[in-house]
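Residue-level structure breakdown
One letter stands for each residue in the lines below.
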Amino acid sequence: MAYFDVIIIGAGAAGLMCAATAGQRGRSVLLLDHAVKLAEKIRISGGGRCNFTNLQARPECYLSENSHFCRSALSQFSAQDFIRLVERHGIGYHEKTLGQLFCDESSQQIIDMLDGLCREAGVDRRMGVTVGAVERSDRFRVQSSAGVFESASLVVATGGLSIPQIGATGFGYQLAEQFGLALTPRVPALVPLTFHADDAARFAPLAGVSLDATAGCGKTRFRENVLFTHKGLSGPAILQVSSYWTPGQELVLDLLPELDAEAFLAEREGSDQLLANALADAGWPKRFAQAWLDGLGFGGRVKDLPGKRRRQLAETLHHWRVRPNGSQGYKKAEVTRGGISTRDLSSKTMMAKDVPGLFFIGEVVDVTGWLGGYNFQWAWSSGFVAGENC
Ligand code: FDA
(Lines give C-alpha, C1' and ligand atoms only; values in the text may rest on other atoms or scores of the structure.)
Protein backbone atom coordinates (compact mmCIF):
# COMPACT_ATOMS: atom_id res chain seq x y z
CA MET A 1 0.00 0.00 0.00
CA ALA A 2 1.42 3.41 -1.03
CA TYR A 3 2.03 5.95 1.72
CA PHE A 4 2.12 9.76 1.34
CA ASP A 5 2.53 12.47 3.94
CA VAL A 6 -0.52 14.22 2.48
CA ILE A 7 -3.45 13.13 0.33
CA ILE A 8 -5.52 15.92 -1.21
CA ILE A 9 -8.93 15.14 -2.71
CA GLY A 10 -9.85 17.69 -5.39
CA ALA A 11 -7.36 19.23 -7.83
CA GLY A 12 -9.19 22.54 -8.32
CA ALA A 13 -8.03 25.97 -7.28
CA ALA A 14 -7.59 25.26 -3.55
CA GLY A 15 -6.26 21.71 -3.99
CA LEU A 16 -3.57 22.75 -6.49
CA MET A 17 -2.43 25.63 -4.28
CA CYS A 18 -2.30 23.37 -1.24
CA ALA A 19 -0.42 20.62 -3.10
CA ALA A 20 2.22 23.02 -4.44
CA THR A 21 2.71 24.59 -1.00
CA ALA A 22 2.97 21.27 0.86
CA GLY A 23 5.23 19.79 -1.83
CA GLN A 24 7.58 22.78 -1.63
CA ARG A 25 7.92 22.09 2.09
CA GLY A 26 9.22 18.63 1.22
CA ARG A 27 6.00 16.74 2.02
CA SER A 28 5.17 13.82 -0.25
CA VAL A 29 1.79 14.70 -1.77
CA LEU A 30 -0.83 12.68 -3.64
CA LEU A 31 -3.44 14.84 -5.41
CA LEU A 32 -6.55 12.96 -6.55
CA ASP A 33 -9.44 14.17 -8.72
CA HIS A 34 -12.26 12.29 -10.39
CA ALA A 35 -12.42 14.69 -13.34
CA VAL A 36 -10.40 13.85 -16.41
CA LYS A 37 -9.54 17.47 -17.20
CA LEU A 38 -7.61 19.54 -14.69
CA ALA A 39 -9.25 22.54 -12.94
CA GLU A 40 -12.18 23.08 -15.27
CA LYS A 41 -13.63 25.81 -13.06
CA ILE A 42 -10.47 27.87 -13.38
CA ARG A 43 -10.54 27.31 -17.15
CA ILE A 44 -14.12 28.55 -17.62
CA SER A 45 -13.85 31.34 -15.06
CA GLY A 46 -13.96 35.03 -15.89
CA GLY A 47 -15.19 34.32 -19.42
CA GLY A 48 -11.99 32.29 -20.07
CA ARG A 49 -9.68 34.94 -18.60
CA CYS A 50 -9.93 34.00 -14.90
CA ASN A 51 -10.68 36.84 -12.53
CA PHE A 52 -7.99 35.42 -10.26
CA THR A 53 -8.12 37.86 -7.36
CA ASN A 54 -9.40 41.22 -6.19
CA LEU A 55 -7.24 44.07 -4.95
CA GLN A 56 -9.83 44.79 -2.27
CA ALA A 57 -10.12 41.25 -0.86
CA ARG A 58 -10.88 41.66 2.85
CA PRO A 59 -13.11 39.79 5.34
CA GLU A 60 -16.07 42.15 4.77
CA CYS A 61 -16.33 40.78 1.22
CA TYR A 62 -17.10 37.25 2.41
CA LEU A 63 -20.28 35.65 3.79
CA SER A 64 -19.92 33.10 6.54
CA GLU A 65 -21.53 32.14 9.82
CA ASN A 66 -18.34 33.60 11.34
CA SER A 67 -17.46 36.74 9.40
CA HIS A 68 -13.96 36.86 10.98
CA PHE A 69 -12.99 33.30 10.09
CA CYS A 70 -11.36 34.13 6.74
CA ARG A 71 -9.19 36.92 8.22
CA SER A 72 -6.22 34.76 9.19
CA ALA A 73 -5.89 32.91 5.87
CA LEU A 74 -6.36 36.12 3.85
CA SER A 75 -3.54 37.75 5.79
CA GLN A 76 -1.24 34.72 5.63
CA PHE A 77 -1.60 34.61 1.84
CA SER A 78 -3.04 37.83 0.42
CA ALA A 79 -4.10 39.06 -2.99
CA GLN A 80 -0.65 40.68 -3.27
CA ASP A 81 1.01 37.29 -2.65
CA PHE A 82 -0.94 35.74 -5.51
CA ILE A 83 -0.23 38.72 -7.76
CA ARG A 84 3.52 38.28 -7.06
CA LEU A 85 3.22 34.63 -8.10
CA VAL A 86 1.44 35.61 -11.32
CA GLU A 87 4.08 38.25 -12.07
CA ARG A 88 6.94 35.84 -11.36
CA HIS A 89 5.48 33.55 -14.01
CA GLY A 90 5.25 36.33 -16.55
CA ILE A 91 1.46 36.18 -16.82
CA GLY A 92 0.07 39.47 -18.11
CA TYR A 93 -2.99 40.80 -16.30
CA HIS A 94 -5.18 43.86 -16.05
CA GLU A 95 -7.72 45.40 -13.70
CA LYS A 96 -11.12 45.35 -15.34
CA THR A 97 -13.20 47.17 -12.74
CA LEU A 98 -13.61 47.41 -8.95
CA GLY A 99 -10.21 45.82 -8.23
CA GLN A 100 -10.94 42.71 -10.32
CA LEU A 101 -7.77 41.28 -11.88
CA PHE A 102 -8.01 39.18 -15.06
CA CYS A 103 -5.42 37.42 -17.23
CA ASP A 104 -4.68 39.34 -20.44
CA GLU A 105 -4.68 36.11 -22.41
CA SER A 106 -6.21 32.98 -20.91
CA SER A 107 -7.19 31.30 -17.66
CA GLN A 108 -5.17 28.30 -18.86
CA GLN A 109 -2.07 30.29 -17.82
CA ILE A 110 -3.18 30.14 -14.17
CA ILE A 111 -3.79 26.37 -14.43
CA ASP A 112 -0.38 25.86 -16.09
CA MET A 113 1.33 27.96 -13.41
CA LEU A 114 -0.21 25.97 -10.54
CA ASP A 115 0.32 22.65 -12.27
CA GLY A 116 3.95 23.61 -12.95
CA LEU A 117 4.47 24.49 -9.28
CA CYS A 118 3.04 21.09 -8.29
CA ARG A 119 5.35 19.30 -10.73
CA GLU A 120 8.42 21.19 -9.44
CA ALA A 121 7.38 20.23 -5.91
CA GLY A 122 7.14 16.53 -6.84
CA VAL A 123 3.36 16.25 -6.35
CA ASP A 124 1.91 12.96 -7.62
CA ARG A 125 -1.24 14.21 -9.38
CA ARG A 126 -3.74 11.67 -10.68
CA MET A 127 -6.87 12.58 -12.63
CA GLY A 128 -9.90 10.41 -13.47
CA VAL A 129 -9.68 8.65 -10.12
CA THR A 130 -12.87 7.74 -8.27
CA VAL A 131 -12.42 8.17 -4.55
CA GLY A 132 -14.32 5.71 -2.36
CA ALA A 133 -14.28 5.04 1.36
CA VAL A 134 -12.06 7.09 3.66
CA GLU A 135 -11.13 5.66 7.05
CA ARG A 136 -8.95 6.84 9.89
CA SER A 137 -7.02 4.95 12.53
CA ASP A 138 -3.54 6.28 13.29
CA ARG A 139 -3.41 7.27 9.59
CA PHE A 140 -5.96 8.12 6.89
CA ARG A 141 -6.73 5.31 4.46
CA VAL A 142 -8.30 6.26 1.11
CA GLN A 143 -9.83 3.66 -1.22
CA SER A 144 -9.85 4.69 -4.85
CA SER A 145 -10.03 3.36 -8.39
CA ALA A 146 -6.23 3.84 -8.53
CA GLY A 147 -5.61 1.76 -5.40
CA VAL A 148 -5.58 2.17 -1.63
CA PHE A 149 -3.43 4.96 -0.21
CA GLU A 150 -2.47 5.97 3.31
CA SER A 151 -1.41 9.33 4.67
CA ALA A 152 -0.75 11.28 7.83
CA SER A 153 -2.84 14.25 6.61
CA LEU A 154 -5.94 14.38 4.47
CA VAL A 155 -7.03 17.59 2.77
CA VAL A 156 -10.55 17.87 1.36
CA ALA A 157 -10.73 20.37 -1.51
CA THR A 158 -13.75 19.11 -3.42
CA GLY A 159 -15.38 22.52 -3.95
CA GLY A 160 -19.07 23.39 -3.97
CA LEU A 161 -22.11 22.11 -5.83
CA SER A 162 -22.30 24.56 -8.70
CA ILE A 163 -22.01 23.31 -12.29
CA PRO A 164 -22.47 19.59 -11.60
CA GLN A 165 -21.90 18.93 -15.32
CA ILE A 166 -18.16 19.56 -14.85
CA GLY A 167 -17.69 17.39 -11.80
CA ALA A 168 -19.04 19.18 -8.73
CA THR A 169 -20.15 16.76 -6.00
CA GLY A 170 -21.17 16.88 -2.36
CA PHE A 171 -18.41 14.40 -1.42
CA GLY A 172 -16.62 16.90 0.85
CA TYR A 173 -19.80 17.44 2.86
CA GLN A 174 -20.24 13.67 3.25
CA LEU A 175 -16.68 13.37 4.58
CA ALA A 176 -17.30 16.22 7.00
CA GLU A 177 -20.39 14.47 8.34
CA GLN A 178 -18.52 11.17 8.57
CA PHE A 179 -15.90 12.83 10.79
CA GLY A 180 -18.47 14.66 12.91
CA LEU A 181 -18.06 18.20 11.57
CA ALA A 182 -21.15 20.42 11.37
CA LEU A 183 -22.51 21.77 8.10
CA THR A 184 -24.36 25.02 7.47
CA PRO A 185 -27.22 24.97 4.93
CA ARG A 186 -26.00 25.07 1.32
CA VAL A 187 -27.71 27.15 -1.38
CA PRO A 188 -26.77 28.37 -4.86
CA ALA A 189 -25.14 31.83 -4.69
CA LEU A 190 -23.91 34.38 -7.23
CA VAL A 191 -26.86 33.15 -9.25
CA PRO A 192 -29.51 34.72 -11.52
CA LEU A 193 -32.91 35.13 -9.84
CA THR A 194 -36.21 34.21 -11.45
CA PHE A 195 -39.52 36.09 -11.72
CA HIS A 196 -42.96 34.73 -10.84
CA ALA A 197 -44.86 33.77 -14.01
CA ASP A 198 -46.93 36.99 -14.09
CA ASP A 199 -43.85 39.23 -13.69
CA ALA A 200 -42.00 37.14 -16.28
CA ALA A 201 -44.85 37.75 -18.77
CA ARG A 202 -45.13 41.46 -17.86
CA PHE A 203 -41.42 42.15 -18.15
CA ALA A 204 -40.59 39.76 -21.01
CA PRO A 205 -40.05 42.69 -23.43
CA LEU A 206 -37.20 43.94 -21.16
CA ALA A 207 -35.10 40.81 -21.80
CA GLY A 208 -31.60 41.52 -23.01
CA VAL A 209 -31.36 45.03 -21.55
CA SER A 210 -28.66 45.88 -19.02
CA LEU A 211 -28.78 49.00 -16.82
CA ASP A 212 -26.59 50.64 -14.22
CA ALA A 213 -28.63 50.22 -11.03
CA THR A 214 -28.46 49.58 -7.32
CA ALA A 215 -29.86 46.24 -6.18
CA GLY A 216 -30.65 45.88 -2.50
CA CYS A 217 -31.68 43.00 -0.31
CA GLY A 218 -32.26 43.80 3.34
CA LYS A 219 -29.50 46.21 4.33
CA THR A 220 -27.10 45.06 1.60
CA ARG A 221 -26.76 47.04 -1.62
CA PHE A 222 -24.65 46.66 -4.75
CA ARG A 223 -24.32 49.21 -7.53
CA GLU A 224 -23.40 47.55 -10.81
CA ASN A 225 -25.27 46.44 -13.92
CA VAL A 226 -28.61 44.66 -13.73
CA LEU A 227 -29.48 42.45 -16.70
CA PHE A 228 -33.09 41.59 -17.53
CA THR A 229 -33.44 38.04 -18.84
CA HIS A 230 -36.35 35.97 -20.16
CA LYS A 231 -36.55 34.27 -16.77
CA GLY A 232 -35.87 37.16 -14.41
CA LEU A 233 -32.86 39.21 -13.31
CA SER A 234 -29.15 38.70 -13.68
CA GLY A 235 -26.00 40.82 -14.16
CA PRO A 236 -23.36 41.59 -11.53
CA ALA A 237 -25.56 43.59 -9.14
CA ILE A 238 -28.14 40.78 -9.01
CA LEU A 239 -25.52 38.00 -8.70
CA GLN A 240 -24.04 39.91 -5.76
CA VAL A 241 -27.33 40.37 -3.88
CA SER A 242 -28.41 36.80 -4.68
CA SER A 243 -25.87 35.63 -2.07
CA TYR A 244 -27.80 37.60 0.56
CA TRP A 245 -31.28 36.76 -0.71
CA THR A 246 -33.51 34.21 0.98
CA PRO A 247 -36.71 32.82 -0.58
CA GLY A 248 -39.71 35.08 -0.03
CA GLN A 249 -37.60 38.23 0.41
CA GLU A 250 -38.07 41.17 -1.93
CA LEU A 251 -35.34 43.02 -3.80
CA VAL A 252 -35.39 46.79 -4.05
CA LEU A 253 -33.87 48.26 -7.20
CA ASP A 254 -32.87 51.85 -7.78
CA LEU A 255 -33.07 52.09 -11.56
CA LEU A 256 -31.84 55.68 -11.73
CA PRO A 257 -29.13 55.82 -9.07
CA GLU A 258 -27.52 58.97 -10.50
CA LEU A 259 -30.66 61.06 -10.59
CA ASP A 260 -33.36 62.59 -8.38
CA ALA A 261 -36.31 61.22 -10.40
CA GLU A 262 -38.89 63.45 -8.73
CA ALA A 263 -36.92 66.61 -9.54
CA PHE A 264 -36.15 65.32 -13.04
CA LEU A 265 -39.87 64.78 -13.79
CA ALA A 266 -40.94 68.01 -12.04
CA GLU A 267 -38.57 70.02 -14.27
CA ARG A 268 -40.49 68.65 -17.26
CA GLU A 269 -43.94 69.44 -15.82
CA GLY A 270 -46.29 70.52 -18.58
CA SER A 271 -44.08 69.02 -21.27
CA ASP A 272 -45.56 67.27 -24.30
CA GLN A 273 -42.79 64.71 -24.13
CA LEU A 274 -43.74 61.05 -23.82
CA LEU A 275 -42.70 59.61 -20.46
CA ALA A 276 -40.71 56.94 -22.28
CA ASN A 277 -38.75 59.64 -24.11
CA ALA A 278 -38.13 61.49 -20.86
CA LEU A 279 -36.64 58.34 -19.33
CA ALA A 280 -34.60 57.83 -22.49
CA ASP A 281 -33.19 61.34 -21.84
CA ALA A 282 -32.24 60.07 -18.39
CA GLY A 283 -30.12 57.40 -20.07
CA TRP A 284 -32.46 54.42 -20.44
CA PRO A 285 -32.75 52.56 -23.74
CA LYS A 286 -36.03 53.79 -25.28
CA ARG A 287 -37.39 50.27 -25.81
CA PHE A 288 -36.70 49.47 -22.16
CA ALA A 289 -38.33 52.67 -20.92
CA GLN A 290 -41.51 51.96 -22.89
CA ALA A 291 -41.74 48.33 -21.80
CA TRP A 292 -40.99 49.07 -18.14
CA LEU A 293 -43.61 51.85 -17.97
CA ASP A 294 -46.16 49.61 -19.72
CA GLY A 295 -45.41 46.78 -17.30
CA LEU A 296 -46.17 49.05 -14.34
CA GLY A 297 -49.20 50.78 -15.84
CA PHE A 298 -47.55 54.17 -16.44
CA GLY A 299 -47.68 55.82 -19.85
CA GLY A 300 -48.63 58.80 -21.93
CA ARG A 301 -47.12 62.27 -21.78
CA VAL A 302 -45.31 63.96 -18.91
CA LYS A 303 -47.89 66.78 -18.79
CA ASP A 304 -50.70 64.26 -18.24
CA LEU A 305 -49.10 62.91 -15.07
CA PRO A 306 -50.70 64.45 -11.96
CA GLY A 307 -48.37 65.33 -9.10
CA LYS A 308 -49.35 62.27 -7.04
CA ARG A 309 -48.73 59.86 -9.94
CA ARG A 310 -45.43 61.62 -10.65
CA ARG A 311 -44.31 61.05 -7.07
CA GLN A 312 -45.41 57.41 -7.33
CA LEU A 313 -43.41 56.98 -10.52
CA ALA A 314 -40.34 58.63 -8.98
CA GLU A 315 -40.67 56.39 -5.92
CA THR A 316 -40.95 53.29 -8.15
CA LEU A 317 -37.93 54.34 -10.20
CA HIS A 318 -35.79 54.54 -7.05
CA HIS A 319 -37.44 51.70 -5.11
CA TRP A 320 -38.71 49.17 -7.62
CA ARG A 321 -39.77 46.20 -5.50
CA VAL A 322 -39.47 42.76 -7.04
CA ARG A 323 -40.08 39.48 -5.28
CA PRO A 324 -38.19 36.72 -7.09
CA ASN A 325 -39.68 33.23 -6.86
CA GLY A 326 -36.34 31.46 -6.84
CA SER A 327 -32.97 31.21 -8.51
CA GLN A 328 -31.63 29.41 -11.54
CA GLY A 329 -29.97 26.93 -9.20
CA TYR A 330 -26.62 25.15 -9.20
CA LYS A 331 -26.63 24.85 -12.99
CA LYS A 332 -26.08 28.60 -13.26
CA ALA A 333 -24.67 29.51 -9.83
CA GLU A 334 -21.01 30.51 -9.63
CA VAL A 335 -20.68 29.23 -6.09
CA THR A 336 -22.36 27.48 -3.17
CA ARG A 337 -23.09 29.52 -0.06
CA GLY A 338 -22.68 27.55 3.18
CA GLY A 339 -20.74 24.34 3.74
CA ILE A 340 -18.44 22.99 6.43
CA SER A 341 -19.06 25.02 9.54
CA THR A 342 -16.15 27.26 10.47
CA ARG A 343 -16.90 26.44 14.13
CA ASP A 344 -15.21 23.09 13.65
CA LEU A 345 -12.09 24.35 11.85
CA SER A 346 -9.02 26.26 12.95
CA SER A 347 -8.88 29.55 11.05
CA LYS A 348 -5.08 29.56 11.36
CA THR A 349 -4.48 26.14 9.77
CA MET A 350 -7.82 25.00 8.25
CA MET A 351 -7.50 21.77 10.25
CA ALA A 352 -10.55 20.20 11.89
CA LYS A 353 -10.41 21.07 15.59
CA ASP A 354 -11.34 17.55 16.71
CA VAL A 355 -9.73 15.47 13.96
CA PRO A 356 -5.96 16.00 13.85
CA GLY A 357 -4.61 15.79 10.29
CA LEU A 358 -7.96 16.45 8.55
CA PHE A 359 -8.19 19.73 6.60
CA PHE A 360 -10.97 21.40 4.58
CA ILE A 361 -10.17 24.22 2.15
CA GLY A 362 -11.75 26.33 -0.59
CA GLU A 363 -15.41 26.52 -1.46
CA VAL A 364 -16.41 23.40 0.48
CA VAL A 365 -16.01 25.53 3.63
CA ASP A 366 -18.72 27.97 4.74
CA VAL A 367 -16.89 31.00 3.34
CA THR A 368 -18.42 32.60 0.23
CA GLY A 369 -16.90 35.58 -1.51
CA TRP A 370 -18.51 38.35 -3.50
CA LEU A 371 -18.37 38.28 -7.26
CA GLY A 372 -15.08 39.59 -8.63
CA GLY A 373 -12.11 37.34 -7.83
CA TYR A 374 -12.87 36.94 -4.12
CA ASN A 375 -13.67 33.24 -4.33
CA PHE A 376 -10.41 32.34 -6.02
CA GLN A 377 -8.54 34.41 -3.44
CA TRP A 378 -10.22 32.36 -0.72
CA ALA A 379 -9.17 29.16 -2.53
CA TRP A 380 -5.54 30.36 -2.79
CA SER A 381 -5.41 31.65 0.81
CA SER A 382 -7.04 28.62 2.47
CA GLY A 383 -5.07 26.24 0.20
CA PHE A 384 -1.80 27.92 1.11
CA VAL A 385 -2.53 27.86 4.83
CA ALA A 386 -3.41 24.15 4.80
CA GLY A 387 -0.34 23.47 2.63
CA GLU A 388 1.86 25.08 5.29
CA ASN A 389 0.33 22.97 8.05
CA CYS A 390 -0.56 19.55 6.63
P1 FDA B 1 -13.05 23.68 -7.41
O2 FDA B 1 -14.45 23.51 -7.85
O3 FDA B 1 -12.17 24.61 -8.15
O4 FDA B 1 -12.32 22.28 -7.37
C5 FDA B 1 -12.91 21.14 -6.79
C6 FDA B 1 -12.29 19.92 -7.43
O7 FDA B 1 -12.72 18.78 -6.72
C8 FDA B 1 -12.72 19.74 -8.89
O9 FDA B 1 -11.60 19.55 -9.69
C10 FDA B 1 -13.61 18.49 -8.84
O11 FDA B 1 -13.50 17.70 -10.01
C12 FDA B 1 -13.05 17.76 -7.63
N13 FDA B 1 -14.01 16.86 -7.02
C14 FDA B 1 -15.28 17.13 -6.65
N15 FDA B 1 -15.85 16.02 -6.13
C16 FDA B 1 -14.92 15.04 -6.16
C17 FDA B 1 -14.92 13.67 -5.78
N18 FDA B 1 -16.02 13.10 -5.26
N19 FDA B 1 -13.80 12.95 -5.96
C20 FDA B 1 -12.69 13.52 -6.50
N21 FDA B 1 -12.63 14.81 -6.90
C22 FDA B 1 -13.73 15.57 -6.71
N23 FDA B 1 -14.31 32.82 -8.82
C24 FDA B 1 -13.50 33.88 -8.91
O25 FDA B 1 -12.90 34.26 -7.90
N26 FDA B 1 -13.29 34.51 -10.11
C27 FDA B 1 -13.92 34.11 -11.27
O28 FDA B 1 -13.67 34.65 -12.36
C29 FDA B 1 -14.85 33.03 -11.17
N30 FDA B 1 -15.55 32.64 -12.25
C31 FDA B 1 -16.39 31.56 -12.16
C32 FDA B 1 -17.12 31.17 -13.29
C33 FDA B 1 -17.96 30.07 -13.21
C34 FDA B 1 -18.78 29.69 -14.42
C35 FDA B 1 -18.05 29.34 -12.00
C36 FDA B 1 -18.94 28.13 -11.90
C37 FDA B 1 -17.34 29.73 -10.88
C38 FDA B 1 -16.51 30.85 -10.94
N39 FDA B 1 -15.80 31.28 -9.82
C40 FDA B 1 -14.98 32.37 -9.92
C41 FDA B 1 -15.84 30.53 -8.54
C42 FDA B 1 -14.58 29.64 -8.43
O43 FDA B 1 -14.46 28.88 -9.61
C44 FDA B 1 -14.66 28.70 -7.23
O45 FDA B 1 -15.02 29.40 -6.08
C46 FDA B 1 -13.32 27.99 -7.02
O47 FDA B 1 -13.01 27.21 -8.15
C48 FDA B 1 -13.37 27.10 -5.78
O49 FDA B 1 -12.17 26.42 -5.69
P50 FDA B 1 -12.12 24.96 -5.01
O51 FDA B 1 -10.76 24.44 -5.23
O52 FDA B 1 -12.67 25.01 -3.66
O53 FDA B 1 -13.15 24.11 -5.89
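The name recorded for the protein chain in an unreviewed UniProt entry is HI0933 family protein, from Pseudogulbenkiania ferrooxidans 2002. Quoted verbatim from the Cofactor (unreviewed entry) field of the UniProt record, the comment on the protein chain reads "FAD".

Moving on: the side chain of Asp-366. With respect to the helices, strands and loops of the structure, Asp-366 is situated in the loop between strand S20 (358–360) and strand S21 (368–369). Excluding anything up to four places from it in sequence, Asp-366 contacts Leu-63, Ser-64, Glu-65, Thr-184, Gly-338, Gly-339, Ile-340, Ser-341 and Thr-342.

Quick look at the domain arrangement of the protein chain now. On domain assignment, one finds that the protein chain holds domain 1 (2–187 + 332–388) and domain 2 (193–327). For domain 1 versus domain 2, the distance between C-alpha centres works out to 39 Å. Across the boundary between the two partners, domain 1 contributes five residues, which contact 10 residues of domain 2. Taken together, the two surfaces of domain 1 and domain 2 that pack against each other cover about 680 Å², and 56% of this comes from carbon and sulfur. Contact with domain 2 buries area across many residues of domain 1, yet Arg-337, Trp-370 and Leu-371 alone supply 62% of it, more than any other trio. Counting across the domain 1 and domain 2 interface gives zero salt bridges. Counting the contacts that link domain 1 with domain 2 gives three residue pairs in polar contact (both at pLDDT 80 or more). Its residues placed into classes, the side of domain 1 that touches domain 2 shows four nonpolar, no polar and one charged.

The rules behind the values
Residues numbered from 1 in each chain as written. Predicted model: local features only at pLDDT ≥ 70, side-chain atom pairs only at ≥ 80, totals over all residues. Heavy atoms only, no water. UniProt positions renumbered as here; feature names shortened; annotations may be inferred. Helix = DSSP H or I, 4+ residues; strand = E, 2+ residues; numbered from the N terminus. Contact = heavy atoms within 4.5 Å. Domains from an automatic or database assignment. Buried area = accessible area lost by both parts, 1.4 Å probe. Salt bridge = Lys/Arg side-chain N within 4 Å of Asp/Glu carboxyl O. Polar contact = N/O pair within 3.5 Å; in protein donor to acceptor, adjacent residues only side chain to side chain. Nonpolar A, V, L, I, M, F, W, Y, C, P; charged D, E, K, R; others polar.

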